[in-house]
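Listed here are the chains, written in short residue letters.
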Amino acid sequence: KKKPDMVSLDQFLPDGIGHDVCRNIRSIYSDPILQIIGVSSKGDHDTAAFFLKNGGDDFLLRPFNPEEFTRRINHRADYVDQLRELKNISEEKNKFLGMAAHDLRNPLGVIQHASSRMGKGGLSDDKFKSLLDMIHKSTASMQQLLNDLLDISAIESGKIDLHKIPLNLSEITRERIHFFQSKANEKYIELIENIPDSAMVDIDPTRITQVIDNLLSNAIKYSPEHFQITISIDKEDNEIRLNVIDQGPGIKAEDVEKLFKAFNRLGHRTTGGESSHGLGLSICLKIIEAHGGTISYKNATGSGSHFYFALPR
């Protein structure tokens, strides 16, 4: 049975007193989302105070202006929407933290197993190197998750600080493409550049590098082997736009609206078993918005994903 979101209640009812009914409603529906507004043509401000003490959220004495009553109702309706949104965010966050704890447990198990085996000795050089590589990959995965958790916590608290300087976005992008080349080579993915010599913008290099890295990393993670990823920069009159276009499966229609929200994981999986915890794009959104820019997604022509961000010139 659907619970009510809002109740309008007269203080003097034919078969009871409004504040008693209000108290009974609160005992049945304890959810703080429920809003109860009392009205009365009798009584005074003490009556209003007594109604509020018994669980009411607002009270109006008649005669009142109809517009005032409408505005009170609308105000409470907005409050209900805000509470429900906060509740949903809290539930999503708790769900995500449970998954994050699981994501930390797995690499810890790998590290424990590998280090235990290495401690027993008697390993060939190849086996020792393989176990060492497992430890390295597991610690890198844990470090990335912890960094993103700290990042999103700081950003949500309004503590994102930018140190902007004039820089050539083309140079930074080429550096990051070179950095990710080895990752692409592991999956036989070709990185295609279409980048002008100069694209000057005022940016925080550390933060914008973080965004570029996230887009390139995701494109490689979700692209099948032997496919291509195109990275381009467009110079418009008022903005400079960076595009990352892959030939992967693209994003499901029902997942598009979740892309840049924190604590949401999407239904698609990486093509090479790479880890992905779903915080990166929400961090990218905050960083680009702090620069006065925009970041978005659209389906690539044919198939694949097209992520792009634009910064003011």
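The notes below deal with the structure included here.

1. A short note on the packing of aromatic side chains
- On inspection of all chains with the given rule, the structure shows five aromatic pairs.
- Measuring from ring centre to ring centre gives 6.4 Å for Phe-260 and Phe-307, while their planes differ by 75 degrees; the resulting arrangement is edge-to-face. You can see Phe-260 sitting in the loop between helix H7 (253-256) and helix H8 (280-290) and its partner Phe-307 sitting in strand S12 (residues 305-312), a full 47 residues away along the chain.
- Overall, Phe-307 belongs to the buried group, its relative accessible area being 10%.
- With a centroid separation of 4.9 Å and an interplanar angle of 50 degrees, the aromatic rings of Tyr-297 and Phe-307 are classed as tilted. Highlighted residues: Tyr-297 in strand S11 (residues 294-299) and Phe-307 in strand S12, separated in sequence by 10 residues. As far as the burial class goes, Tyr-297 and Phe-307 line up, both buried.
- In textbook terms, an aromatic cluster arises when at least three aromatic residues are bridged by ring pairs, as seen for Phe-260, Tyr-297 and Phe-307.
- In this arrangement the basic side chain of Arg-76 is found over the ring face of Tyr-79, its NZ or CZ atom lying 5.6 Å from the centre.
- Taking the ring centre of Tyr-308 as reference, the NZ or CZ of Arg-241 above it sits at 4.9 Å.

2. Side note on the environment of Asp-10
- Counting through the fold element by element, Asp-10 comes out in strand S1 (residues 6-10).
- Sequence separation between Asp-10 and Leu-162 is 152 residues; the distance between their C-alpha atoms is 54 Å.
- Setting aside residues no more than four positions away along its own chain, Asp-10 makes contact with Gly-18, Val-39, Ser-40 and Arg-62.
- Within the local environment of Asp-10, its side chain forms a polar contact with the backbone nitrogen of Phe-12, the two atoms lying 3.0 Å apart.
- There is a polar contact of 3.1 Å between the side chain of Asp-10 and the side chain of Arg-62.

3. Details of the pattern of salt bridges
- Per the counting criterion, the structure on display carries 13 salt bridges.
- Salt-bridge contacts for Glu-67 lead to Arg-71; the nearest nitrogen and oxygen are separated by 3.1 Å. With Glu-67 and Arg-71 both in helix H3 (residues 66-119) and four residues apart, the pair spans about one turn of that helix.
- Taken together, the shared-partner salt bridges in this structure form one network comprising Asp-58, Glu-68 and Arg-72.

4. Description of the sheet that holds strand S4 (residues 35-40)
- Strand order in the open sheet made by the three strands is S1-S4-S5, with parallel pairing throughout. The open sheet terminates on both sides in strands that have one partner only, identified here as S1 and strand S5 (58-61). Here the average twist between neighbouring strands, direction ignored, is 20 degrees.
- Its contacts with the sheet put helix H1 (residues 18-28) on S1 and S4, and the angle it makes with S1 is roughly 155 degrees.
- Along the sheet, helix H2 (residues 45-53) makes contact with S1, S4 and S5, crossing S5 at roughly 155 degrees.

5. As for the environment of Thr-294
- Locating Thr-294 in the fold gives a position in strand S11.
- Considering only alpha carbons, one finds Thr-294 and Tyr-308, 14 residues apart in sequence, at a separation of 8.5 Å.
- If we skip the residues at most four places from it in the chain, Thr-294 touches Ile-288, Tyr-308, Phe-309 and Ala-310.

6. Brief notes about the nonpolar core
- Judged by nonpolar contacts, the single largest core of 51 residues is most densely connected at Leu-169 and Phe-309.
- Contacts of Leu-169, omitting those with residues within four sequence positions, involve Ala-199, Val-201, Ile-203, Ile-208, Ile-212, Ile-233, Ile-240 and Leu-242.
- Ranked by size, the runner-up nonpolar core spans nine residues in total, among them Val-7, Leu-9, Cys-22 and Ile-25.

7. A few points about the sheet that holds S11
- Read from one edge to the other, the open sheet built from five strands follows the order S7-S9-S10-S12-S11, with strand pairing classed as mixed. Either end of the sheet is taken by a strand with one partner, and the two such strands are strand S7 (190-194) and S11. Sheet twist, expressed as the average angle between the axes of neighbouring strands with direction ignored, equals 15 degrees.
- In the sheet, S11 pairs with S12 via six bridges, with the strands oriented antiparallel. When the sheet's bridge partners are listed, Lys-298 is paired in S12 with His-306.
- Across the sheet, helix H6 (residues 205-221) is in contact with strand S9 (228-235), strand S10 (239-246), S11 and S12; its angle to S12 comes to roughly 170 degrees.

Rules of the game
- Residues numbered from 1 in each chain as written.
- Predicted model: local features only at pLDDT ≥ 70, side-chain atom pairs only at ≥ 80, totals over all residues.
- Heavy atoms only, no water.
- Phe/Tyr/Trp six-rings, centres within 6.5 Å; stacked < 30°, edge-to-face > 60°.
- Helix = DSSP H or I, 4+ residues; strand = E, 2+ residues; numbered from the N terminus.
- Buried < 20%, exposed > 50% of the residue type's maximum accessible area, 1.4 Å probe, protein only.
- Lys NZ or Arg CZ within 6 Å of the ring centre and 35° of its normal.
- Contact = heavy atoms within 4.5 Å.
- Polar contact = N/O pair within 3.5 Å; in protein donor to acceptor, adjacent residues only side chain to side chain.
- Salt bridge = Lys/Arg side-chain N within 4 Å of Asp/Glu carboxyl O.
- Pairing = 2+ DSSP bridges.
- Axes fitted to C-alpha atoms, helices over the stretch in contact; angles between N-to-C directions.
- Core = buried A, V, L, I, M, F, W, Y, C linked by side-chain atoms within 4.5 Å.

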